[in-house]
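One-letter residues, chain by chain:
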Amino acid sequence: MATVLQKELARNIVENAKRTKKLNKKQLVVSSGYSKMSAKSSAHLILEEKGVQDELENLGFDAQSAKKVVKQILTKGKEENKL
């Protein structure tokens, strides 16, 4: 079962997919209520947590789609870190 923070993060991931200017993984995690320290050190792990994936499925993503969306966010974050 997803925690409150995981549910909020999943909702933010769905909303982020609709935005023209998308948030990066750290911004998504912080905007969902996680601490900046957690976002800085573990954003990629938080996005991949089972509770987040389960909640994305509850919001209409199948398991493969949920993983694809998270992978896109993680890839975007890696590209931004190179700049």
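The shown structure was predicted, so the numbers you read here are calculated from the model rather than taken from an experiment.

### Let's talk about the pattern of salt bridges
Side chains carrying opposite charge are able to pair once their charged atoms draw close together. Inspection of the entire model under this criterion finds three salt bridges. Between E8 and R11 there is a salt bridge whose closest N-O contact spans 3.0 Å. Pair noted here: E8 and R11 are both in helix α1 (residues 4–18), with a separation of three residues, about one helical turn. With relative accessibility at 38%, the residue R11 sits in the partly exposed group.

### Notes on the environment of L9
Turning to its location among the elements, L9 is positioned in helix α1. Here L9 falls in the buried class, since its relative accessible area comes to 0%. Taking the C-alpha atoms as reference points, L9 and K26, 17 residues apart in sequence, are found 11 Å from one another. Sequence-distant contacts of L9, that is, excluding residues within four places in its chain, are made with L28, V29, S32, Y34, I46, L47 and V52.

### Notes on the nonpolar core
Across soluble globular proteins, you tend to see nonpolar side chains buried next to one another. Ranked by size, the top nonpolar core spans 19 residues in total, and within it L9, I13, V29, L47 and L56 carry the most contacts. Listed by contribution, the elements that provide at least two residues to this core are α1, α2 (25–31), α3 (36–47), α4 (50–58) and α5 (63–82). A total of five residues in this core trace back to one element, the largest contributor, which is α5. Apart from residues lying up to four places away in sequence, V29 is in contact with L9, Y34, A39, A43, I46 and L47.

### Describing the environment of H44
Topologically, H44 is positioned in helix α3. Sequence-wise, H44 and T75 are 31 residues apart; in three dimensions their C-alpha atoms are separated by 9.9 Å. If near-sequence neighbours (up to four positions away) are discounted, H44 is found in contact with K25 and L74.

Definitions and limits used
Residues numbered from 1 in each chain as written. Predicted model: local features only at pLDDT ≥ 70, side-chain atom pairs only at ≥ 80, totals over all residues. Heavy atoms only, no water. Salt bridge = Lys/Arg side-chain N within 4 Å of Asp/Glu carboxyl O. Helix = DSSP H or I, 4+ residues; strand = E, 2+ residues; numbered from the N terminus. Buried < 20%, exposed > 50% of the residue type's maximum accessible area, 1.4 Å probe, protein only. Contact = heavy atoms within 4.5 Å. Core = buried A, V, L, I, M, F, W, Y, C linked by side-chain atoms within 4.5 Å.

In short, the description is geometric, and any link to function would need to be established separately.
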